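Here is how the chains run, residue by residue.
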Amino acid sequence: MEMNRRHMLSLLAAGGTATALPGLAFGETPADPVFAAFEAASQDDPWTLGFTDAPADGFQSTARRLHGRLPSGLSGVLHRNGPARFSRNDWRYRHWFDGDGMVHAWRLDRGSDVTHTARFVQTHKWQAEQAAGRFLYPAFGSQPPNARGLHGPDDINAANTSVMMVNGELMALWEGGSAWRLDPDTLDSRGPRNWGEGLGGLPFSAHPKVDPDGTIWNFGQAASHDMLVMYQIGVDGQLRRADLIHDIPGGMIHDFAVTDRSLLFLVGNLAFRRMQLPFLDSFGWDDSRGMRVIAIDKGDWSRRRTWELPPGFLFHVGGAWEDPDGTIHVDAALSDDSEVATGHARDVMLGTPRLEHQSISRMRQITLYPDGRAEQAVFSDVCAEFPQVDPRYTGLARCLTWHVGWPDGHMRGATQIVQRDVISGQTRRYDFGTDIVVEEPLFIPSSERSEEGEGWLVHTALNKREAATELHVFDAQRLEDGPVTSWRLPYACPLGFHGCWRDL
Ligand SMILES: [Fe+2]
């Protein structure tokens with residue numbers, strides 16, 4: 001393990017050094033056209049609020065109640081994470097995923113007002129760039145002027161993708177490097193989490209999965225080596241097992257699924273070609289063969305099964321389960337191309353989305369048979385992202401997935417919260433209309449013994465007309481009635497990616 005780790009890190013570091021731009025002398029940097037384009041777009045398009053820099057000191061305020069009351073029994077903190085710093089020294093990142101991570105804490109406590117606190121994760125990158133007043137390092141999709149070489153992935157760790165609670169500690173998750181430890185109450189940063197000897201700084205994805213018994217599974221991808229790092233972590237937050245999994249084709253893998261017996265990877269067709277900076281340029285579309293699906297045995301990581309689907313791309317998986325005969329069922333938000341990653345996520349930095357880069361991912365229910373056959377049903381009613389399941393059913397047979405939705409051709413974010421029965425295809429939904437950009441909904445069970453889907457959906461949203469971020473709570477069984485209570489901040493936060501719920 002130690003040899004492999006050193007080998008991997010040295011290659012990453014060498015790649016960074018070799019391909020960093022030679023750089024102009026500081027002070028000679030020409031005016032940045034991307035920075036100027038976004039400034040112009042933000043004059044008259046309130047959607048750009050979702051991609052505007054947050055204040056370096058973060059946010060803190062009480063939200064104003066718009067209607068309704070917090071349901072009795074719903075008491076907790078919604079933590080969320082997302083990129084929130086995109087420009088320094090009048091130079092703007094080229095890709096949405098590059099922004100430094102800001103972690104939010106929305107505190108919902110019955111009888112009290114909803115409060116909101118948000119702070120930037122104090123990564124080494126954030127601290128160095130804050131002190132320098134400019135970006136110092138290459139990012140996932142950007143190469144700032146005068147960028148330095150890399151010594152390891154955590155040099156550029158943006159800690160900007162998700163959050164999770166592990167044994168009482170909050171962690172900000174990226175995917176190319178370490179999870180970053182935070183105090184869940186103050187959001188103070190405590191530094192990178194090293195899971196064990198030889199594992200410091202290795203990739204750790206933003207989408208860990210938690211079994212019903214509390215076991216945490218996660219992976220990190222080293223696409224340039226056709227390799228994954230697998231992690232199994234106990235409910236006590238201590239590493240149980242970690243190892244390298246070889247011969248995983250280097251299509252970009254952002255999320256995965258678990259069943260009670262398997263770890264399931266859908267490998268899209270945005271494939272690694274050769275190491276370049278920015279790192280995203282290392283990938284190119286390759287549909288010379290299908291999308292690979294790989295199931296790895298939880299108990300024996302050397303045992304695997306594979307399937308092939310038509311070419312495609314995905315960020316997010318809903319959930320999976322496995323029948324006694326080994327048939328696996330999984331749903332995911334799949335698209336036929338990777339324009340959302342390579343086009344749309346760049347457009348948003350310019351402040352001008354383009355129709356040819358629109359995101360048209362749709363939920364699909366995929367069945368993987370033991371004899372190698374694979375089938376999929378496409379739910380084409382609406383574009384979809386950020387699928388979520390009832391967390392008690394992770395890896396188990398279930399019916400429901402919740403996700404955000406938007407109509408074809410609408411390029412300024414999701415407008416709908418959708419509940420989908422993945423067996424029957426039936427949906428319930430609420431459409432906020434085009435003034436609202438809906439963010440990921442989390443399902444919170446109303447009690448430990450409630451049925452699947454008995455509980456609340458909690459999500460944030462950007463209200464473009466009011467230039468403010470809102471929090472909405474739904475009764476998950478009466479989605480079409482609209483939120484049972486809604487709260488609004490006196491400011492707009494940048495749009496984020498993922499969150500977690502912490503009971504109080
Ligand atoms: Fe994600």
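Here the structure is shown first, and the text comes after it.
Okay, so let's go over this structure. One numbering rule holds for all chains: residues counted from 1, following each sequence as written. It should be noted that, the model being predicted, local features are given only for residues of pLDDT at least 70 and side-chain atom pairs only at 80 or more, the latter also being counted only at that level, while totals for whole chains, interfaces and linings use all residues. The basis for every side-chain value is the complete set of heavy atoms in the structure, and neither hydrogens nor water enter the calculation.

What to know about empty space enclosed by the protein
Next up, step 1: Throughout, the protein atoms alone are placed on a 1 Å grid, and a set of points is a cavity if a 1.4 Å probe fits but cannot get out or a pocket if it is open with protein on both sides within 12 Å along at least five of seven lines; lining residues have an atom within 4 Å of a point. Grid points are joined across faces, edges and corners, and a volume is the space filled by probe spheres set on the points. All chains considered together, the criterion is met by 4 cavities of 30 Å³ or more.
Next up, step 2: The volume enclosed by the second largest cavity comes to roughly 120 Å³.
Next up, step 3: Lining the second largest cavity are 16 residues, and of these H104, E439, C493, P494 and G496 sit closest to its centre.
Next up, step 4: Secondary-structure elements contributing two or more residues to the lining of the second largest cavity are strand 3 (76–85), strand 6 (100–108) and strand 32 (455–463). Under the scheme used here, helices are H or I runs from DSSP no shorter than 4 residues and strands are E runs no shorter than 2 residues, and both carry numbers assigned from the N terminus.

Observations regarding the packing of helix 2 (residues 33–41) against helix 4 (residues 339–350)
Next up, step 1: Axes here refer to lines fitted to C-alpha atoms; in helices the fit is confined to the stretch in contact. Angles between the N-to-C directions go from 0 to 180 degrees. Two numbers describe how helix 2 lies on helix 4: the axes approach to 7 Å, and their chain directions differ by 70°. Viewed along their axes, helix 2 and helix 4 adopt a mutual orientation that is roughly perpendicular. Contacts between helix 2 and helix 4 involve V34, A37, F38 and A41 from the first element and V348, M349 and L350 from the second.
Next up, step 2: Polarity classes work like this: nonpolar for Ala, Val, Leu, Ile, Met, Phe, Trp, Tyr, Cys and Pro, charged for Asp, Glu, Lys and Arg, and polar for all others, with Gly in that last group. Residue composition of the contact of helix 2 with helix 4, by class: 7 nonpolar, no polar and no charged. Under this scheme an angle from 65 to 115 degrees is roughly perpendicular, one under 35 degrees roughly parallel, and one over 145 degrees roughly antiparallel; angles in between are oblique. Contacts are residue-level and defined by heavy atoms, with any inter-residue pair within 4.5 Å sufficient.

Some thoughts on helix 2
Next up, step 1: Partly exposed describes any residue whose relative accessible area lies between the buried limit of under 20% and the exposed limit of over 50%, with all areas from a 1.4 Å probe on protein chains only and scaled to the type maximum. Taken together, the buried positions of helix 2 are occupied by V34, F35, F38 and A41. Along helix 2, the residues classed as buried sweep out an arc of 130° about the axis, all on the same side.
Next up, step 2: Buried-residue contacts for helix 2 involve strand 4 (87–88), strand 5 (91–92) and helix 4.
Next up, step 3: Capping the start of helix 2 is the job of one residue whose side-chain oxygen sits 3.2 Å from the backbone nitrogen of V34: D32. The reported arc concerns the directions from the helix axis to the C-beta atoms and nothing else. Two N or O atoms form a polar contact when they lie within 3.5 Å of each other; inside protein one atom must be a possible hydrogen donor and the other a possible acceptor, and for residues adjacent in sequence the pair counts only when both atoms belong to side chains.

Digging into the nonpolar core
Next up, step 1: Core analysis: the largest hydrophobic core is formed by 35 residues, its most contacted members being F51, W96, M349, V404, I417, V438 and L457.
Next up, step 2: Listing elements by their share of this core, those giving two or more residues are helix 2, helix 4, strand 26 (383–388), strand 27 (400–406), strand 30 (436–438) and strand 32.
Next up, step 3: A per-element tally of this core places strand 27 first, with 4 residues.
Next up, step 4: If we ignore the near neighbours within four places in the chain, the residues touching F51 are F38, F86, R92, W96, V348, M349 and L495. In this text, buried Ala, Val, Leu, Ile, Met, Phe, Trp, Tyr and Cys residues form a nonpolar core when linked through side-chain atoms within 4.5 Å.

Some thoughts on the pattern of salt bridges
Next up, step 1: By convention in these notes, a salt bridge is any Lys or Arg side-chain nitrogen within 4 Å of a carboxyl oxygen on Asp or Glu. Tallied over the entire structure, the rule returns 35 salt bridges.
Next up, step 2: K125 serves as the salt-bridge partner of D100, at 2.8 Å between the closest nitrogen and oxygen. Pair noted here: D100 is in strand 6 and K125 is in helix 3 (residues 124–132), with a separation of 25 residues, a long-range link.
Next up, step 3: A relative accessible area of 1% places D100 in the buried class.
Next up, step 4: Judged by its relative accessible area of 1%, K125 is buried.
Next up, step 5: Between D336 and R364 there is a salt bridge, and its shortest N-O distance comes to 3.0 Å. Within this pair, whereas D336 is found in the loop between strand 23 (328–335) and helix 4, its partner R364 is found in strand 24 (residues 362–368), the two being separated by 28 residues in sequence.

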